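A look at the structure
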Amino acid sequence: MIIFRVPAASLKCTGTSCKMAQPAQLHSRPVLPSTSPRRHCASQPATFPASRRRRRNRLAPRPMASSTAQPPGLKEGIAGLYDESSGVWESIWGDHMHHGFYDSGEAASMADHRRAQIRMIEEALAFAAVPDDPEKKPKTIVDVGCGIGGSSRYLAKKYGAQCNGITLSPVQAERGNALAAAQGLSDKVSLQVADALEQPFPDGQFDLVWSMESGEHMPEKRKFVSELARVAAPGATLIIVTWCHRNLELFENSLKPDELNLLKRICDAYYLPDWCSPSDYVSIAKSLSLEDIKTADWSENVAPFWPAVIRSALTWKGLTSLLTSGWKTIRGALVMPLMINGYKKGLIKFTIITCRKPGAA
């Protein structure tokens, strides 16, 4: 998700003690769920005597907090943000509303932004080992948090697959369907307004479950992943590319106060609920008996993206588009430097999580 992208909405998790896995490595440290919520976008960490902290670290796994309550107005805020901002994004950056993937140290430019965004899709597919073989390639795909359908149309053309996209934004669904029609893909691509936590699809429908930068909008992370797994066919691949906060160290019970404050300012602008860590996602996937779980930290590969977005916003076209778009879009643009700061601090982790639903492919 980026400031002008549309995701859906789901569950709350907070940080764990697992250290960040390297690309293509499996997480192995278990994290157990807890019933006492801890908010990484709103509350400050509780403090305990040092002896109590040490005893707690020795004797018990760090809990992963969860919540069943969806913040009031969250879905409406997300839908309004993307109703308002998607046209601005499309006019400047095109129909792919997500980060680009760059070689480490590479500078991003407006000239190659689409190439980098397409590369992001291809890198995710390669990391998940999605087959190109005509007999094994996905034939049915769901794009959860589809924006205006950039990924939906790309995947439908690449695999010749049927692709269903869901978004909270009526403006995005309408625009995405119009683009599909213009490209002769109306029989392959269909976007609709729906909640990622209550997807309007039967169990086991899709060979590939795709979520490109929408998980960060989900207030109920466990329910989000559970729904992805529910609509996946036996043997299907799940791909989640999302913003996370860093994994906690063994001695930590929460993020630092300055980190919590930074995330809260980003949350307020982009209609985000609590963040979670990569290890939280791994814990959820394990608890749902998903298999072949892998994660990678691609933060360095997306580092050039936000400076390029800021440069595009400072062009005449960018400035005039922002000023006429509305306050939600302007507020999102104003906090873009905070995203850069979060990446530089190592607080924000651009993470891919892939796994497979048990069963024959």
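Summary of the structure given here. Just so we're clear, the structure is a prediction, and the values are computed from it rather than from any experiment.

**Section: the overall build of the chain**
Across its full length, the chain carries 13 helices and nine strands. For the chain, buried positions account for 58% of its 361 residues. Here the contacts in the chain between residues at least 6 apart in sequence split such that 82% fall between residues at least 24 apart. Carbon and sulfur atoms make up 56% of the accessible area of the chain, which amounts to about 14,300 Å² in all.

**Looking at helix 12 (residues 327–334)**
Within the span of helix 12, buried status applies to Thr-329, Gly-332 and Ala-333. Along the axis of helix 12, the buried positions cluster into a sector of 100°, meaning they face one direction only. Among the exposed residues of helix 12, those pointing more than 90 degrees away from its buried face are Trp-327 and Leu-334.

**Some details on helix 3 (residues 113–127)**
Taking 1.5 Å per residue as the helical rise, helix 3 with its 15 residues ought to reach 21 Å, and the 21 Å between its terminal C-alpha atoms agrees with that figure. Of the positions making up helix 3, those classed as buried are His-113, Ala-116, Gln-117, Ile-118, Met-120, Ile-121, Ala-124, Leu-125 and Phe-127. The first or second residue beyond helix 3 is Ala-129, which carries a positive phi of 55°.

**Section: the packing of aromatic side chains**
A complete count under the given rule lists five aromatic pairs for this structure. With a centroid separation of 6.0 Å and 75° between ring planes, the pair formed by Phe-127 and Trp-298 is classed as edge-to-face. Placement of the pair is Phe-127 in helix 3 and Trp-298 in the loop between strand 8 (291–297) and helix 9 (299–302), with a sequence separation of 171 residues. On the accessibility criterion, Phe-127 (11% relative accessible area) is buried.

**Here we look at the environment of Val-335**
The residue Val-335 is located in the loop between helix 12 and helix 13 (336–345) in this model. With 66 residues separating them along the chain, Val-335 and Ala-269 place their C-alpha atoms 7.1 Å apart. Apart from residues no more than four positions distant in its own chain, Val-335 is found in contact with Arg-265, Ala-269 and Tyr-270.

**What to know about the sheet that holds strand 3 (residues 140–144)**
Two strands in a sheet stick together by hydrogen bonds in their backbones, pointing the same way (parallel) or opposite ways (antiparallel). Here seven strands make up an open sheet; going across it, the order is 5-4-3-6-7-9-8 and the pairing mixed. Across the chains shown, the open sheet's two edge strands, defined by having one partner strand only, are strand 5 (189–193) and strand 8. Adjacent strand axes in the sheet meet at a mean angle of 15° when their direction is disregarded. Pairing analysis gives five bridges linking strand 4 (residues 162–167) to strand 5, with the strands arranged parallel. Bridging across to strand 5, Asn-164 finds its partner in Ser-190. Across the sheet, helix 5 (residues 170–182) is in contact with strand 4 and strand 5; its angle to strand 5 comes to roughly 170°.

**A closer look at the packing of helix 2 (residues 74–93) against helix 12**
Packing of helix 2 against helix 12 leaves a shortest axis separation of 8 Å and a crossing angle of 90°. Relative to helix 12, the element helix 2 lies roughly perpendicular. On the side of helix 2, the interface is formed by Gly-77, Gly-80, Leu-81, Glu-84 and Ser-85, while helix 12 contributes Trp-327, Lys-328 and Thr-329. Across the contact of helix 2 with helix 12, the residue classes tally to two nonpolar, four polar and two charged.

**Section: the environment of Leu-74**
Mapped onto the elements of the fold, Leu-74 is located in helix 2. On a C-alpha basis, the gap between Leu-74 and Leu-272 in space is 7.9 Å, while along the polypeptide they are 198 residues apart. Setting aside anything within four residues of it in sequence, one finds Leu-74 in contact with His-217, Pro-219, Tyr-271 and Pro-273.

**With respect to the pattern of salt bridges**
All chains considered together, the criterion is met by 16 salt bridges. Arg-230 is the partner of Asp-203 in a salt bridge, and the nearest nitrogen-oxygen pair spans 2.7 Å. Of the two residues, Asp-203 is situated in the loop between strand 5 and strand 6 (206–212) and Arg-230 in helix 6 (residues 221–231); the sequence distance between them amounts to 27 residues. By relative accessible area, Arg-230 is classed as partly exposed at 23%. Asp-297 is paired through a salt bridge with Lys-349; the nearest N and O atoms lie 3.5 Å apart. One end of the pair, Asp-297, is in strand 8; the other, Lys-349, is in strand 9 (residues 348–356), and 52 residues separate them in sequence. Residue classification places Asp-297 among the partly exposed positions, given a relative accessible area of 22%. Overall, Lys-349 belongs to the buried group, its relative accessible area being 18%. When salt bridges with common partners are traced through the structure, they connect Asp-95, Arg-114 and Arg-153 into a single cluster.

**Some points on unusual backbone geometry**
Positive phi, close to 55°, is recorded for Tyr-271, a residue that is not glycine. Counting through the fold element by element, Tyr-271 comes out in the loop between helix 7 (257–270) and helix 8 (278–287). The backbone of Asp-292 sits at a positive phi, close to 50°, despite the residue not being glycine. Counting through the fold element by element, Asp-292 comes out in strand 8.

**Quick notes on the pairing of strand 4**
Counting buried residues along strand 4, five of its six residues qualify, which places the element largely inside the surrounding structure. Of the crossover connections in this fold, the one passing from strand 3 over helix 4 (residues 150–159) to the parallel strand 4 is right-handed. Traced from strand 4 through helix 5 to strand 5, the parallel crossover comes out right-handed.

So, how was this worked out
- Residues numbered from 1 in each chain as written.
- Predicted model: local features only at pLDDT ≥ 70, side-chain atom pairs only at ≥ 80, totals over all residues.
- Heavy atoms only, no water.
- Helix = DSSP H or I, 4+ residues; strand = E, 2+ residues; numbered from the N terminus.
- Buried < 20%, exposed > 50% of the residue type's maximum accessible area, 1.4 Å probe, protein only.
- Contact = heavy atoms within 4.5 Å.
- Areas by Shrake-Rupley, 256 points an atom, 1.4 Å probe, with all protein chains shown as cover.
- Arc of directions from axis to C-beta.
- Expected span 1.5 Å × (residues − 1).
- Phe/Tyr/Trp six-rings, centres within 6.5 Å; stacked < 30°, edge-to-face > 60°.
- Pairing = 2+ DSSP bridges.
- Axes fitted to C-alpha atoms, helices over the stretch in contact; angles between N-to-C directions.
- Parallel < 35°, antiparallel > 145°, perpendicular 65-115°, else oblique.
- Nonpolar A, V, L, I, M, F, W, Y, C, P; charged D, E, K, R; others polar.
- Salt bridge = Lys/Arg side-chain N within 4 Å of Asp/Glu carboxyl O.
- Right-handed = clockwise from strand over helix to strand, strands pointing away.

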